[in-house]
Amino acid sequence: YYLLFVFPGCRVLAVELTSSNTKPVVQEFQSVELSCIIKSTVTRDPRIEWKKIRDGETSYVFFDNKMQGDFVTRAEILGQTSLVIKNTTRMDTATYRCEVAAPSDTKTIDEINIQLTVQVKPMTPRCTVPKAVPVGKTASLHCHENEGYPKSTYSWYRNSEPLSPDTKSNARFQNSSYTLNPTTGTLVFHAVHKGDTGRYSCIATNDAGFAKCEDQEMEVYDLNIGGIIGGVLVVLAVLVLITLGICCAYRRGYFANSKESGESYKTPAKPDGVNYIRTDDEGDFRHKSSFVI
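Here the structure is a predicted model, which means the values were calculated and not measured. Residue numbering note: each chain is counted from 1, following its sequence as written. Only residues with pLDDT of at least 70 are given local features in this predicted model, and only at 80 or more are side-chain atom pairs given and counted; all residues enter the totals for whole chains, interfaces and linings. Side-chain metrics in this entry use all non-hydrogen atoms of the structure; hydrogen atoms and water are not considered.

J.: Describe in detail the pairing of strand E13 (residues 109–119), supporting the description with residues and values.
T.: Pairing geometry for strand E4 (residues 25–27) and E13, over three bridges, is parallel. Across the sheet, residue Val26 finds its bridge partner in E13, namely Val118. Two strands qualify as a pair provided that DSSP identifies no fewer than 2 bridges between them. Counting from the N terminus, the helices are the DSSP runs of H or I reaching at least four residues and the strands are the DSSP runs of E reaching at least two. Pairing of strand E12 (residues 94–101) with E13, which is carried by eight bridges, proceeds in the antiparallel orientation. Paired with Tyr96 across the bridge in E13 is Ile114.

J.: Please give an account of the state of the cysteines that cites residues and values.
T.: By convention in this document, the label disulfide applies to cysteine sulfur atom pairs within 2.5 Å. Applying the stated criterion across every chain, the model contains three disulfides. Between the sulfur atoms of Cys36 and its disulfide mate Cys98 the distance is 2.1 Å. Between Cys36 and Cys98 the sulfur-sulfur dihedral comes to about -70 degrees; the bridge is accordingly left-handed. Of this pair, Cys36 sits in the loop between strand E5 (32–34) and strand E6 (37–40) while Cys98 sits in strand E12, and the two are 62 residues apart along the sequence. By relative accessible area, Cys36 is classed as buried at 1%. Residue classification places Cys98 among the buried residues on the basis of a relative accessible area of 0%. Categorising residues by exposure relies on relative accessible area from a 1.4 Å probe, with only protein chains included: less than 20% of the type maximum marks a residue as buried, more than 50% marks it as exposed, and the intermediate range marks it as partly exposed.

J.: Provide a residue-level description of the packing of aromatic side chains, including the pertinent values.
T.: Here a Phe, Tyr or Trp ring, Trp counted by its six-membered ring, pairs with any other such ring whose centre lies within 6.5 Å, and the pair is stacked when the planes are under 30 degrees apart, edge-to-face when over 60, and tilted otherwise. The final tally for this structure, using the stated rule, is four aromatic pairs. Arranged with centres 4.4 Å apart and planes meeting at 40 degrees, the rings of Tyr60 and Phe63 form a pair that is tilted. On the basis of relative accessible area, Tyr60 is assigned to the partly exposed category, the value being 36%. Counted as over-ring charges are cases with an Arg CZ or a Lys NZ within 6 Å of the ring centre that also lie within 35 degrees of the ring normal. Directly above the aromatic system of Phe71 lies the positively charged group of Arg74, at a separation of 5.0 Å from the ring centroid.

J.: Account for the nonpolar core, with residues named and values stated.
T.: Only buried Ala, Val, Leu, Ile, Met, Phe, Trp, Tyr and Cys residues count toward a nonpolar core, and they belong to the same one when joined by side-chain atoms within 4.5 Å. Core analysis: the largest hydrophobic core is formed by 25 residues, its most contacted members being Leu34, Trp50, Leu83, Ile85, Tyr96 and Leu116. Of all the secondary-structure elements, those providing two or more residues to this core are E5, strand E7 (47–54), strand E8 (57–63), strand E11 (82–85), E12 and E13. Any two residues whose heavy atoms approach within 4.5 Å are treated as being in contact. The residues contacting Leu34, other than those within four sequence positions of it, are Pro24, Trp50, Ser82, Leu83, Ile85, Tyr96, Ile114 and Leu116. The next biggest cluster of nonpolar side chains, apart from the first, holds 20 residues, and it includes Leu163, Tyr178, Leu187 and Cys202.

J.: I'd like a rundown of the side chain of Asp196, residues and numbers included.
T.: Within the element layout of this structure, Asp196 appears in the loop between strand E20 (186–189) and strand E21 (198–206). Beyond its immediate sequence surroundings of up to four residues, Asp196 is in contact with Arg158, Ser176, Phe189, Ala191, Met218 and Val220.

J.: Quick one: what's the story with the pattern of salt bridges, residue by residue and with numbers?
T.: Here the idea is simple: oppositely charged side chains can pair when their charged atoms come close. Criterion for a salt bridge: a side-chain nitrogen of Lys or Arg within 4 Å of a carboxyl oxygen of Asp or Glu. In this structure the tally under the stated criterion is 13 salt bridges. Between Arg74 and Asp92 there is a salt bridge whose closest N-O contact spans 2.8 Å. Here Asp92 lies in the loop between E11 and E12 and Arg74 lies in the loop between strand E9 (66–67) and strand E10 (75–78), a separation of 18 residues in the sequence. For the pair formed by Arg74 and Asp92, the shared burial category is buried. A salt bridge links Arg158 to Asp196; the shortest N-O distance between them is 3.6 Å. Remark: Asp196 occurs in the loop between E20 and E21 and Arg158 occurs in strand E17 (residues 153–158); sequence separation between them is 38 residues. Take Arg158 and Asp196: they sit in the same class, and that class is buried. The structure contains a network of salt bridges with shared partners spanning Glu28, Arg90 and Glu147.

J.: Could you give me a rundown of the confidence of the model for the protein chain, with the residues and numbers involved?
T.: The predictor reports its confidence for every residue as pLDDT, a score running from 0 up to 100. Overall, the prediction assigns the protein chain a mean pLDDT of 83, with 77% of residues at 70 or greater. In the model, residues 1–10 has pLDDT below 50 throughout and makes 22 contacts with residues more than four positions away in sequence or in other chains. Here residues 258–267 scores under 50 on pLDDT; set against residues more than four positions off or in separate chains, the count is two contacts.

Okay, structure coming up:
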């Protein structure tokens, strides 16, 4: 549209932009219109540009009367200046700048920023629940997912009934000693009791939807003190018996090192109590044998 502001005695020649919605919100995979309206201009063919600003980086969306980048196949100009993005993704969340250059106007350039938010439903959260915990001990349950945008908040359920984040405000949970953090998804029982036994599940929720993990059973059991003491005593008794057996074996000589018999290949062993005396005949025999060839 080409509008001209006319006041008594003067003519205003200025390009001016407006928008019907500067902060549109859309769910992922849906279409969205980024509204940019020329409120006034006398330039018959103004130049239109769209830019995307994300994480401090600026890129072209529409330039030189053509779509740019990945917007070629999924975006178009509506009317004269508005931008329609089809099949939005989480990466489309950004600030979009509509710029109009009107050379015939006194104010030749105007721009307007559109902040687009693409919401993403949470994925099924990953839940961690201990299977069995002894009475009086600490138990930590965890629930988290990384896909949802905005970030998810978390709620825990026991046997399909919601656990109150504030145990003091709900009479049903005043006997429970747990802390529930909706931001991190952590549920901590500081001292579990038998009533905490049950099926636990967690739901991740944001503005785009919610997702739930499967129920997981947590059992709270009593410690068998008598059985533990009995087991320790049995172990001690076995150790005592083993020690006594080893001592008896040493006393009976089962572990003594066997001594050499005293026998030698060179010198025959002498029977106890026998002394050998060399006779003259034995000496003469040895002397004579040394001359035998």
